[in-house]
Amino acid sequence: MPRFAAGVVRFQQEVYPERQAFFEKLSKSQSPEALFITCSDSRIETAMLTQTEPGDLFVCRNAGNIVPPHSSQTGGITASIEFAVSALKVSHIVVCGHTDCGAMKGALNLDKLGGLPHVREWLGHSRAAVEIVAAIGGDLNEHDKLLMLLEQNVLLQLQHLRTHPSVAVRLAMGDITLHGWVYDIAEGEVLAVDLATGKWSPVSNRYADAFAKAAAATEHEHSHA
Ligand code: ZN
């Protein structure tokens with residue numbers, strides 16, 4: 001039996017019974033906080049990384065965490081974005097890249113993708129990011145060059161997101177927030193970009209103000225309890 005099938009049996013025997021009421025409630029509706037767009041890479045565990053529960057994230061994954069710019073053609077990513085943003089009314093969209101991304105390494109060496117015509121074509125949606133790295137990151141070592149591409153690719157896909165009508169409307173209404181992240185698998189670090197300044201910093205710093213506000217609010221609540 002494959003390990004993942006054995007896992008289902010273990011889930012049914014050990015996990016589900018403990019939280020049956022939670023799953024029954026969950027079965028009736030969902031109200032996720034965020035649309036989380038990341039790479040299909042097997043090493044990214046979204047729930048573990050964000051310490052969220054089933055129902056918290058509407059996840060959309062593909063090779064390279066790519067968001068094709070809006071067009072009149074329908075694709076899986078476009079439909080998922082529309083559903084999450086217009087129907088589920090998520091308040092946040094995260095585009096999350098990651099270190100050692102095979103897709104992004106491929107984008108830097110397209111000629112090595114001869115046997116993968118669909119991957120090659122798909123990575124066309126990252127071309128502006130690749131060209132930016134070629135133009136301003138030429139002197140960097142391989143590690144830093146890839147990191148720059150991971151960051152530029154996230155910024156590019158956030159740009160593409162803004163072309164989707166559902167996202168554009170919610171941005172105009174001011175009730176949705178975009179986030180750009182890069183997850184470092186070896187370090188457990190997540191860098192997040194400040195879209196106002198273009199500066200990347202660890203999540204703990206990037207959201208420090210929000211964390212402080214949340215902590216103050218909790219304290220306030222307690223002092224009035
Ligand atoms: Zn990847």
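This text follows the structure it describes.
If you're wondering where the values come from, they're calculated on a predicted model, not measured in any experiment.

**Quick notes on the overall build of the protein**
When you go through the protein residue by residue, the secondary structure sums to eleven helices and six strands. Overall, the C-alpha framework of the protein stretches about 60 × 50 × 40 Å when taken along its three principal axes. Going through the 225 residues of the protein one by one, you find that 34% of them count as buried. A separation of at least 24 residues holds for 62% of the contacts in the protein among residues at least 6 apart in sequence. Surface exposure of the protein reaches about 13500 Å², of which carbon and sulfur atoms provide 55%.

**A closer look at the pairing of strand E4 (residues 177–184)**
The element E4 is largely enclosed, with a buried count of six among its eight residues. Relative to E4, strand E3 (residues 92–98) runs parallel, the two sharing seven bridges. Residue His98 lies in a different strand from E4, and its bridge partner there is Tyr183. Strand direction decides the pairing type here: E4 and strand E5 (residues 189–194), joined by four bridges, are antiparallel. Across the sheet, Asp184 pairs through a bridge with Glu189, a residue of E5.

**Some details on the environment of Leu35**
One can find Leu35 in strand E1 (residues 34–39). For the pair Leu35 and Cys60, spaced 25 residues apart in sequence, the C-alpha separation works out to 7.3 Å. The residues contacting Leu35, other than those within four sequence positions of it, are Phe58, Cys60, Ile81, Ala84, Val85, Val90, His92, Ile93 and Val94.

**Considering the sheet that holds E4**
Read from one edge to the other, the open sheet built from six strands follows the order E2-E1-E3-E4-E5-E6, with strand pairing classed as mixed. Two strands close off the open sheet at either side, each with one partner strand: strand E2 (57–62) and strand E6 (199–202). Within the sheet, the average angular offset between the axes of one strand and its neighbour, ignoring direction, is 25°. The strands that helix H4 (residues 76–87) touches are E1, E2 and E3; relative to E2, the one it contacts most, it runs at about 170°.

Procedures and definitions
Residues numbered from 1 in each chain as written. Predicted model: local features only at pLDDT ≥ 70, side-chain atom pairs only at ≥ 80, totals over all residues. Heavy atoms only, no water. Helix = DSSP H or I, 4+ residues; strand = E, 2+ residues; numbered from the N terminus. Buried < 20%, exposed > 50% of the residue type's maximum accessible area, 1.4 Å probe, protein only. Contact = heavy atoms within 4.5 Å. Areas by Shrake-Rupley, 256 points an atom, 1.4 Å probe, with all protein chains shown as cover. Pairing = 2+ DSSP bridges. Axes fitted to C-alpha atoms, helices over the stretch in contact; angles between N-to-C directions.

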